[in-house]
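# Architecture and fold: a report
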Amino acid sequence: MDATILGAAVINGLLLGGSYALVAVGLTLIYGVLHIINFAHGSMLMLAMYGVYFLLVKAQVDPYAAIPLMVVVMYAAGYGMYRALIGRFSHGKDENILLITLGLSIVLENIALFFFTGDSRNITVSYSDRMIELGPSLVPLPKLVSFGASLLLCAALAWFIARTDTGRAIRAVAKERHGARLVGIDVEKILAVSYGIGIACLGAAACLLVPMFYVAPTVGHLFVIVAFTIVVLGGMGSFLGALVGALLIGLTESLSGLFLGEALGQIGISLIFILILLFRPTGLFGGGR
Amino acid sequence: MLEVRGLAAGYGEIRVLDGVDIDVAEGEIVAVLGSNGVGKSTLNNNLSGLYRPFGGTVRFCGADITGADPVRIVEMGLVQVPEGRRVFPNLSVRENLLLGSYRRGRANRARNLERVTATFPRLKERFGQMAATLSGGEQQMLAIGRGMMSEPRLLILDEPSLGLSPMLVDEMFALIRELNGQGLSILLIEQNAVQSLEAAHRGYIIEHGAVAMSGKAADLAANPDLRARYLGL
């Protein structure tokens, strides 16, 4: 095996992992606080990607320039969805939240199918095919931007969760709701904020993905299955775990693609998933509760 | 400052309290005593707004807070230190204290943090540690310290001596007197009748969902009937 090819695969894998990171961090945040897998995660990412697509096609807004707008819009969508549907109909039961998000994903996907048809759409921006020399290999500019911006945004979010009062309240609600109520934290609001932030991550992820990926009503599945594996690998609810997990999964996908052939790249991911469940169900950074 | 009148409360179909009257005046320590399962925590949770009472009224500092939500109740300065501490296990001691002033007392956060750590030097030593790693006694201190951070006008202490060693129980009651000496009104919910009545000004005994006896703490402690049943003397 040629070292250059291997090096290129490693770089490619890390970059790929970077684009998974935001999706996984959003998923793990929602899991950590609400204790449920957000089944609507993929559909919300898909909607966000259509949003970015139409912003470019109809209003000539560059995907990267759309990040602030998409973050705000998706935050509001997540917050509103929690307040209007999830919180209201869950009656405080986690299983109900699970079912509601599952139902939402089905509805959203079919709405997308109805309005946008099943065709996959691609965009081209001036920098779509620009290549940057990185050590031994040439990498497409969008991949590099996606990696950098994704890590930057994850770091900003980690800072927010660690250092602000709202961040502390989010962590408090995650583990001790009763105590949180008694210090005057509006628990329902914090749950909605957490869900909103998790969905806002998808807004940013969509902006970074659209310049290098097609958009279709089912595109969310691809990312969510991978993101779910990342979250389990890193440890459910662990922030750092999601980040490290994303890079590892990106590497795995790229390397198994190299050794097993492009079409079989995702086999490595499923394999890792099974191995974690067998040998370390709490994940790499999981507390094991 | 706290007036509870005819409070009826419970869970779902089950009525635990039926017509409870309790008063706490400014600067008092008032003990609410009763055996396990008599509804002491039900009383608390209704005062703090975690549950809505079935009936009756709760007034605090002149305002009707019957059925108000916990956010508003904390905002008004009625703060509960719950049974079982309920500290945030995944947050550091410092962060637990900071969150104490999430809703109230934020302007004086730095000053109150100094004050609480002066009262509990042990917390200062453990400042960066996760609350989950503290001993039971330290967690109780942290829970009280977190309550103090919100500059309460009335502090409800639910079973503060539960699960503490006899020496720590003594310390706890000394602390309750000390806080009261600084002007804080305290509603003390306890099973430990002997020490509660020593510390309190007045007391209430709850039985069968209602107040069975009330009066000056010293009188209650001297009541022969009560001594036999609650004090084991």
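Before reading further, recall that the structure is shown in the block above.
In what follows, the accompanying structure is described.

Scanning chain B for helices and strands turns up ten helices and ten strands. By its C-alpha atoms, chain B is 50 × 40 × 30 Å across when sized along the principal axes. In chain B, buried positions account for 55% of the 233 residues. Carbon and sulfur atoms make up 49% of the accessible area of chain B, which totals about 9500 Å². Charged side chains of chain B number 25 positive and 26 negative; the gap between the two group centres comes to 5 Å.

Glancing now at the environment of B:Gly49. For B:Gly49, the location among the structural elements is in the loop between helix H1 (40-47) and strand S4 (55-60). B:Gly49 sits 16 residues away from B:Leu33 along the chain, and the two C-alpha atoms are 21 Å apart.

Within the span of helix H4 (residues 109-119) of chain B, buried status applies to B:Arg109, B:Asn112, B:Leu113, B:Val116 and B:Thr117. The buried residues of H4(B) occupy an angular sector of 130 degrees when the element is viewed end-on, so they sit on one face. Those residues of H4(B) that are exposed and angled more than 90 degrees off the buried face are B:Ala110, B:Arg111, B:Glu114 and B:Ala118. The inward-facing, buried residues of H4(B) abut helix H6 (165-175) of chain A together with helix H3 (93-100), helix H5 (121-125) and helix H6 (136-148) of chain B.

Of all hydrophobic cores here, the largest spans 89 residues; its most connected members are A:Leu34, A:Leu45, A:Ile185 and A:Tyr195. In this view, A:Leu34 contacts A:Tyr82, A:Asp94, A:Ile97, A:Arg177, A:Leu191, A:Ser194 and A:Tyr195; residues no more than four positions away in its chain are not counted. With 44 residues, the next largest nonpolar core counts B:Ile29, B:Leu33, B:Leu142 and B:Leu157 among its residues.

On to the sheet that holds strand S9 (residues 202-207) of chain B. Residue and element names in this part refer to chain B. What the six strands build is an open sheet, ordered S6-S7-S8-S3-S9-S10; its pairing is mixed. On the outer flanks of this sheet lie strand S6 (78-81) and strand S10 (210-216), each paired with one strand and no other. On average, each strand axis in the sheet is tilted by 20 degrees relative to the strand beside it, whichever way the strands run. Here strand S3 (residues 29-33) pairs with S9 via four bridges, running parallel.

Next up on the list: the packing of aromatic side chains. Under the definition given, this model contains 13 aromatic pairs over all chains. Their ring planes at 65 degrees and their centres at 5.0 Å tell us that A:Phe213 and A:Phe223 sit as a pair that is edge-to-face. In this pair, A:Phe213 sits in the loop between helix H8 (187-209) and helix H9 (219-234) while A:Phe223 sits in helix H9, placing the two residues ten residues apart along the sequence. Each residue in the set A:Tyr20, A:Phe213, A:Tyr214 and A:Phe223 is aromatic and connected to the rest through ring pairs, giving one cluster. For the cation-ring pair, B:Arg146 lies above B:Phe88, with the distance from its terminal atom to the ring centre recorded as 4.7 Å.

The next point concerns the pairing of S9(B). Residues and elements named next belong to chain B. Of all six residues in S9, five are buried, a share of seventy percent or more. Here S9 runs beside S10; their pairing, made up of six bridges, is antiparallel. Looking at the pairing, Ile 206 lines up with Val 211 of S10. In sequence, S9 turns back onto S10 through a hairpin of two residues, with His 208 there showing a positive phi of about 50 degrees.

All names here are of chain B. Taken in spatial order, the four strands of this open sheet run S2-S1-S4-S5, and their pairing is antiparallel. Each having just a single partner strand, strand S2 (14-24) and strand S5 (63-64) make up the two edges of the open sheet. Set on the sheet, H1 makes contact with strand S1 (2-11), S2 and S4; between it and S1 the angle comes to about 115 degrees.

Consecutive side chains of a regular strand alternate in pointing toward one face of the sheet and then the other. All names here are of chain B. Within strand S7 (residues 154-158), five of the five residues are buried, which leaves it mostly tucked inside the rest of the structure. Neither face of S7 is open: one carries Leu 154, Ile 156 and Asp 158, the other Leu 155 and Leu 157, and all of them are buried. Inspection of the sheet shows S6 paired to S7 by four bridges, in the parallel sense. In the sheet register, Val 81 faces S7, and the bridge partner there is Leu 157.

Our next topic: the packing of helix H1 (residues 3-34) of chain A against helix H5 (residues 141-163) of chain A. Residue and element names in this part refer to chain A. Where H1 contacts H5, the axes come no closer than 8 Å and their chain directions differ by 35 degrees. In this structure, H1 crosses over H5, and the sense of that crossing is left-handed. Facing H1, whose interface residues are Asn 12, Leu 14, Leu 15, Gly 18, Ser 19, Ala 21, Leu 22, Val 25 and Leu 29, H5 presents Lys 143, Leu 144, Ser 146, Phe 147, Ser 150, Leu 153, Cys 154, Leu 157 and Ile 161. For the contact of H1 with H5, the class distribution of residues is twelve nonpolar, five polar and one charged.

Residue and element names in this part refer to chain B. Mapped onto the elements of the fold, Ser 196 is located in helix H8 (residues 193-199). We classify Ser 196 as buried; its relative accessible area is 0%. Polar side-chain contacts of Ser 196 include one of 2.6 Å to the backbone oxygen of Asn 192. When sequence neighbours within four positions are dropped, the list of residues in contact with Ser 196 reads Ala 31, Leu 33, Phe 173, Leu 188 and Glu 190.

Residues and elements named next belong to chain A. Together, Leu 6, Val 10, Leu 14, Phe 259, Leu 260, Leu 264 and Ile 267 make up an exposed nonpolar region whose accessible area comes to about 560 Å². Of all the secondary-structure elements, those providing two or more residues to the nonpolar patch are H1 and helix H10 (239-260). If you tally residues by element for the nonpolar patch, the top one is H1, at three residues. Along the chain, the position of Val 10 falls in helix H1. The exposure class assigned to Val 10 is partly exposed, which follows from its relative accessible area of 31%.

Another aspect to go through is the interface of chain A and chain B. Listed as interface residues are 18 residues of chain A and, on the opposing side, 23 residues of chain B. Taken together, both faces of the contact between chain A and chain B bury some 1900 Å²; the carbon and sulfur share is 63%. Linking chain A with chain B are five salt bridges, by the criterion used here. B:Glu95 is paired through a salt bridge with A:Arg171; the nearest N and O atoms lie 2.8 Å apart. Viewed at the interface, chain B and chain A are joined by six residue pairs in polar contact (both at pLDDT 80 or more).

Conventions adopted
- Residues numbered from 1 in each chain as written.
- Chains lettered and ligands numbered in written order.
- Predicted model: local features only at pLDDT ≥ 70, side-chain atom pairs only at ≥ 80, totals over all residues.
- Heavy atoms only, no water.
- Helix = DSSP H or I, 4+ residues; strand = E, 2+ residues; numbered from the N terminus.
- Buried < 20%, exposed > 50% of the residue type's maximum accessible area, 1.4 Å probe, protein only.
- Areas by Shrake-Rupley, 256 points an atom, 1.4 Å probe, with all protein chains shown as cover.
- Lys, Arg positive; Asp, Glu negative; His and termini not counted.
- Charge placed at Lys NZ, Arg CZ, Asp CG, Glu CD.
- Arc of directions from axis to C-beta.
- Contact = heavy atoms within 4.5 Å.
- Core = buried A, V, L, I, M, F, W, Y, C linked by side-chain atoms within 4.5 Å.
- Pairing = 2+ DSSP bridges.
- Axes fitted to C-alpha atoms, helices over the stretch in contact; angles between N-to-C directions.
- Phe/Tyr/Trp six-rings, centres within 6.5 Å; stacked < 30°, edge-to-face > 60°.
- Lys NZ or Arg CZ within 6 Å of the ring centre and 35° of its normal.
- Left-handed = near helix turned anticlockwise from the far one by under 90°.
- Nonpolar A, V, L, I, M, F, W, Y, C, P; charged D, E, K, R; others polar.
- Polar contact = N/O pair within 3.5 Å; in protein donor to acceptor, adjacent residues only side chain to side chain.
- Patch = residues over 30% accessible without salt bridge, like charges linked within 9 Å, V, L, I, M, F, W, Y side chains within 5 Å.
- Salt bridge = Lys/Arg side-chain N within 4 Å of Asp/Glu carboxyl O.
- Buried area = accessible area lost by both parts, 1.4 Å probe.

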